[in-house]
Amino acid sequence: MSNIDPDLMDEIDFMIDLLTKSGFFSAEEIVEILEDQFIDEEIDFSQFNISLNDSSNENFSKLERAFAKLSSDGIVAIHNCGYDIREGVGDAFELQVHLLNNKFDAQGFCFYTFEDVEDAIFEKKLKITFGDFENNESKALEIGKIVSETLKDESFTVIWDESINNQIEINPFIWDKSYDDKKEYEIEGAYNVFTKNQVLK
């Protein structure tokens, strides 16, 4: 590894730091992501020592509780949904199709993306995107209000101007998720939590 260009090494170290701190990936998955990201560099990432974080999960557990509560209220809530908002919205609509095909119907959605996770890790704030599936502004606003209140119920400090054009921001948010191989996130995890909560109602 000593023959790797220092600037490239800095970039790799940053990616490893970000991916391990996110708490969403196993060591094997991190190696795969690095191999894809730096495919032209011909680096053997299996030689890297990747140790997963062991954070408290205190804030993340509150966020999970809020997202589960939203699922029982008919709002599908997705952790780590796509890389950016455009991808996240696409994933949310894809999930709604799966739900409808299985006779479930979500009123709306909320999610945060991997870009938002990066902001949470390095800037101590987490932005939540929300909306409805029918492009109905008053319904979208109602979804936003429910999301905002549910987050406040978990004692988060929420910054939002009650506009559908702006994300809801939890600020401060200390990102403290540790990796758990027993749980699924993204759209698969959101589907499981939503359908389970709807059945239990």
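Located above this text is the structure these notes cover.
A quick note: this is a predicted structure, and the numbers were derived from the prediction, not measured.

Draft legend 1. Inspection of the overall build of the chain at higher detail. Of the regular secondary structure elements, the chain holds seven helices and five strands. Counting from the amino terminus, the chain carries its helices and strands in the arrangement α-α-α-β-α-β-α-β-α-β-β-α. For 201 residues, the compact-globule estimate of 2.2 N^0.38 gives 17 Å, and the C-alpha radius of gyration of the chain, at 18 Å, lies within 12% of that figure. Taking all 201 residues of the chain together, the buried fraction comes to 47%. Within the chain, residue pairs in contact and separated by at least 24 positions form 68% of the contacts whose partners lie at least 6 positions apart. Side chains of the chain carry 17 positive and 45 negative charges; the gap between the two charge centres is 12 Å.

Draft legend 2. A look at the pairing of strand β2 (residues 108-111). Residues of β2 alternate between two faces, with Gly108 and Cys110 on one and Phe109 and Phe111 on the opposite face, all of them buried. Inspection of the sheet shows strand β1 (residues 75-78) paired to β2 by four bridges, in the parallel sense. If you follow Ala77 over to β2, its bridge partner there is Cys110. Regarding the hand of the β-α-β motif, the stretch spanning β1, helix α4 (residues 85-101) and β2 is right-handed. When β2 meets strand β3 (residues 126-132), the two strands line up antiparallel, connected through four bridges. Paired with Phe109 across the strands is Gly131, a residue of β3.

Draft legend 3. View of the state of the cysteines. Evaluation of the coordinates by the stated rule reveals zero disulfides. The closest cysteine sulfur to the non-disulfide-bonded Cys81 is located on Cys110, 9.6 Å from its own sulfur.

Draft legend 4. Region of interest: α4. The terminal C-alpha atoms of α4 lie 24 Å apart, and with 17 residues this matches the ideal 24 Å at 1.5 Å per residue to within 8%. Every buried residue belonging to α4 is among Gly88, Ala92, Leu95, Gln96 and Leu99, and all of these are buried. For α4, the angular spread of buried residues about the axis comes to 105°, placing them on one side. Among the exposed residues of α4, those oriented more than 90 degrees off its buried face are Arg86 and Asn101. Close packing links the buried residues of α4 with β1, β2 and α7 (186-200). Of the residues trailing α4, Lys103 is marked for its positive phi of about 70°.

Draft legend 5. Spatial organisation of the packing of helix α3 (residues 58-72) against α7. Contact geometry for α3 and α7: axes closest at 8 Å, N-to-C directions at 55°. By the angle between their directions, the pair α3 and α7 is classed as oblique. Along this stretch, α3 crosses α7, giving a crossing that reads as right-handed. Contact with α3, carried on its side by Ala68, Ser71 and Ser72, involves Val193, Phe194, Asn197 and Gln198 of α7 and no other residues of that element.

Draft legend 6. Broad picture of helix α6 (residues 137-153). Given a rise of 1.5 Å per residue, 17 residues ought to cover 24 Å, and the 24 Å separating the end C-alpha atoms of α6 matches this to within 8%. Every buried residue belonging to α6 is among Ala140, Ile143, Gly144, Val147, Ser148, Thr150 and Leu151, and all of these are buried. One side of α6 carries all its buried residues, which in axial view fall inside an arc of 165°. Projecting away from the buried face of α6 at angles above 90 degrees are the exposed residues Ser138 and Asp153. Buried residues along α6 sit in contact with α3, β1, β2, β3, β4 (158-159) and β5 (168-170). Ser155 sits one or two residues past α6 and shows a positive phi near 65°.

Conventions used here
- Residues numbered from 1 in each chain as written.
- Predicted model: local features only at pLDDT ≥ 70, side-chain atom pairs only at ≥ 80, totals over all residues.
- Heavy atoms only, no water.
- Helix = DSSP H or I, 4+ residues; strand = E, 2+ residues; numbered from the N terminus.
- Rg over C-alpha atoms; globule rule 2.2 N^0.38 Å.
- Buried < 20%, exposed > 50% of the residue type's maximum accessible area, 1.4 Å probe, protein only.
- Contact = heavy atoms within 4.5 Å.
- Lys, Arg positive; Asp, Glu negative; His and termini not counted.
- Charge placed at Lys NZ, Arg CZ, Asp CG, Glu CD.
- Pairing = 2+ DSSP bridges.
- Right-handed = clockwise from strand over helix to strand, strands pointing away.
- Disulfide = S-S within 2.5 Å.
- Expected span 1.5 Å × (residues − 1).
- Arc of directions from axis to C-beta.
- Axes fitted to C-alpha atoms, helices over the stretch in contact; angles between N-to-C directions.
- Parallel < 35°, antiparallel > 145°, perpendicular 65-115°, else oblique.
- Left-handed = near helix turned anticlockwise from the far one by under 90°.

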